[in-house]
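Overview (structure and organization)
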Amino acid sequence: QVQLVESGGGLVQAGDSLRLFCVGSGRTFSGWPVAMAWFRQAPGKEREFVAGITWTSSSTNYADSVKGRFTIFRDNAKNTVYLQMNSLEPEDTAVYYCAAGSVLVRRIGSYDYWGQGTQVTVSS
């Protein structure tokens, strides 16, 4: 079993920055999960992929809507994945979820473990 706990969300103004944290525990993270990702879900919308990263950080993937503004990175020694969010827009308002899986893809169903989510609200 793997437990994921997100933190770092909050209320900010458009143009501000936030850094989200996802700390993993439980099953050894040595070499697994291969992929860690951030998803988000806005009210009345489906959950969508935001960004993902492989265990070795050799590969990252971003949704077009956040490319150039968000950066995902990880510290395997701390079992932590980060999402640095810059130039935030009201459209970024959502609950952000951390997920762990065996392959870096954008499909929700490919991820085995999920955190409880952290709320990000961006005011205009």
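Residues numbered from 1 in each chain as written. Predicted model: local features only at pLDDT ≥ 70, side-chain atom pairs only at ≥ 80, totals over all residues. Heavy atoms only, no water.

Now for the overall build of the chain. A count of helices and strands for the chain gives zero helices and eleven strands. The N-to-C order of helical and strand elements in the chain reads β-β-β-β-β-β-β-β-β-β-β. Principal-axis analysis of the C-alpha atoms places the extent of the chain at approximately 40 × 25 × 25 Å. Taken over 124 residues, the chain has a buried fraction of 46%. In the chain, of all internal contacts separated by at least 6 residues, the share reaching a separation of at least 24 is 57%. (Helix = DSSP H or I, 4+ residues; strand = E, 2+ residues; numbered from the N terminus. Buried < 20%, exposed > 50% of the residue type's maximum accessible area, 1.4 Å probe, protein only. Contact = heavy atoms within 4.5 Å.)

Here the focus is the packing of aromatic side chains. The final tally for this structure, using the stated rule, is six aromatic pairs. Ring geometry for F39 versus W114: centroids 4.9 Å apart, planes at 55 degrees, classification tilted. You can see F39 sitting in strand β4 (residues 35-41) and its partner W114 sitting in strand β10 (residues 111-114), a full 75 residues away along the chain. Here F39 falls in the buried class, since its relative accessible area comes to 0%. By relative accessible area, which is 26% here, W114 ends up partly exposed. Centroid distance F73 to Y82: 4.7 Å. Interplanar angle 15 degrees. Geometry classified as stacked. For Y82, a relative accessible area of 11% corresponds to the buried category. Among the aromatic residues, ring-to-ring pairing joins F39, F49, Y111 and W114 into one connected group. (Phe/Tyr/Trp six-rings, centres within 6.5 Å; stacked < 30°, edge-to-face > 60°.)

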